[in-house]
Amino acid sequence: MTVAAIVVMGVSGSGKSTIGGLLADRLGWIFEDGDAFHPASNVAKMSAGTPLTDDDRWPWLRAIAARIASARAGGRPVIIGCSALKRAYRDVLRDGHADIRFLHLTGSPELIMARQAARVGHFMPASLIASQFATLEPPDTEADVIDLDVDPEPEAIAAKALAALRRRGDIA
Ligand SMILES: Nc1ncnc2c1ncn2[C@@H]1O[C@H](COP(=O)(O)OP(=O)(O)OP(=O)(O)O)[C@@H](O)[C@H]1O
Ligand SMILES: O=C(O)[C@H](O)[C@@H](O)[C@H](O)[C@H](O)CO
């Protein structure tokens, strides 16, 4: 089936922008950073070290779902980086459609915290990583999700993702 969107998901610092950007290059698709869809109030909250609540996240997720809907309508698939930590959040993105795939970037809190701590110029403080892991509902039983270990080099992760998507017939 032709997919409308590939959502690169996982906790903050798991590599969504890095891997999503690489995949977009390889596929010639547009990459959208889910962070750009947050209202300013959400960014201010995270910058201050306060985790978002469900109510903070619903409008943000609906905005991303609307972006996916426009990709579907225009026949131009997108890659979107979005944490999509809970099942209910992923269901907002699916919006009842079967043409969404999720790539779940998985890694230990230690590894991801170390990468996040070394990252400069980003609003998300490393102190929020623990709450990201606590909120995560791993999508183990969801058939439209591919798990990817974030330990290897970004290029190797992207290659694995493309191979898995091709094997499933999700991309040409
Ligand atoms: N496979 C990798 N190997 C080594 N470093 C990586 C890898 N993937 C990402 N990084 C580094 O880890 C940091 C976090 O990656 P990135 O910004 O892509 O994560 P993110 O999930 O988009 O974060 P956020 O959700 O907070 O925006 C960056 O400094 C990035 O360069
Ligand atoms: O659901 C959330 O708590 C947020 O979406 C975060 O995950 C951030 O958007 C992002 O990952 C920070 O860079």
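Residues numbered from 1 in each chain as written. Chains lettered and ligands numbered in written order. Predicted model: local features only at pLDDT ≥ 70, side-chain atom pairs only at ≥ 80, totals over all residues. Heavy atoms only, no water.

Chemist: Just checking my understanding: could you explain the overall build of the protein for this structure?
Modeler: Broken down by element type, the protein carries seven helices and five strands. The N-to-C order of helical and strand elements in the protein reads β-α-β-α-α-β-α-β-α-α-β-α. Relative to a compact globule of 172 residues, whose C-alpha radius of gyration would be 16 Å, the protein shows 15 Å and is just as compact. Its C-alpha atoms give the protein principal-axis dimensions of roughly 40 × 35 × 30 Å. Buried positions account for 46% of the 172 residues belonging to the protein. (Helix = DSSP H or I, 4+ residues; strand = E, 2+ residues; numbered from the N terminus. Rg over C-alpha atoms; globule rule 2.2 N^0.38 Å. Buried < 20%, exposed > 50% of the residue type's maximum accessible area, 1.4 Å probe, protein only.)

Chemist: Can you walk me through the site of ligand 1 in this structure?
Modeler: The full set close to ligand 1 counts 18 residues, and Ser12, Lys16, Ser17, Thr18 and Arg119 are the nearest of them. With respect to ligand 1, the side chain of aspartate 35 contributes an N or O atom lying 3.3 Å from an oxygen atom. Considered on its own, ligand 1 offers 630 Å² of accessible surface; in the complex 79% of this is hidden by protein. Judged by the fraction of its atoms near the pocket grid, ligand 1 is located in the largest pocket. Elements represented by at least two residues in the shell around ligand 1 include exactly α1 (16–27), α5 (109–118) and α7 (154–167). For the shell around ligand 1, the element with the highest residue contribution is α1, accounting for three residues. (Near = heavy atom within 4 Å. Polar contact = N/O pair within 3.5 Å; in protein donor to acceptor, adjacent residues only side chain to side chain. Areas by Shrake-Rupley, 256 points an atom, 1.4 Å probe, with all protein chains shown as cover. 1 Å grid on protein atoms, 1.4 Å probe; cavity = no way out; pocket = protein on both sides within 12 Å on 5 of 7 lines; lining within 4 Å. Sits in = over half its atoms within 2 Å of the grid points.)

Chemist: Please explain the confidence of the model for the protein as it appears in this structure.
Modeler: Summing up the model confidence of the protein, the mean pLDDT is 96 and the portion of residues at 70 or higher is 99%. For this predicted complex, the interface confidence reaches an ipTM of 0.96, while the overall pTM sits at 0.97. (pLDDT = per-residue confidence, 0-100.)

Chemist: Can you walk me through the environment of leucine 128 in this structure?
Modeler: Mapped onto the secondary structure, leucine 128 falls in the loop between α5 and α6 (129–135). The exposure class assigned to leucine 128 is buried, which follows from its relative accessible area of 4%. C-alpha separation for the pair leucine 128 and methionine 46, spaced 82 residues apart in sequence, amounts to 7.9 Å. Leaving out residues up to four positions away in the same chain, leucine 128 has contacts with Met46, Gly49, Thr50 and Pro51. (Contact = heavy atoms within 4.5 Å.)

Chemist: How should unusual backbone geometry be read in this particular structure?
Modeler: The backbone of alanine 84 sits at a positive phi, close to 45 degrees, despite the residue not being glycine. Within the secondary structure, alanine 84 is located in the loop between β3 (78–81) and α4 (87–94). What makes alanine 84 buried here is its relative accessible area of 0%. You will see that aspartate 95, though not glycine, has its phi angle at about 50 degrees, which is positive.

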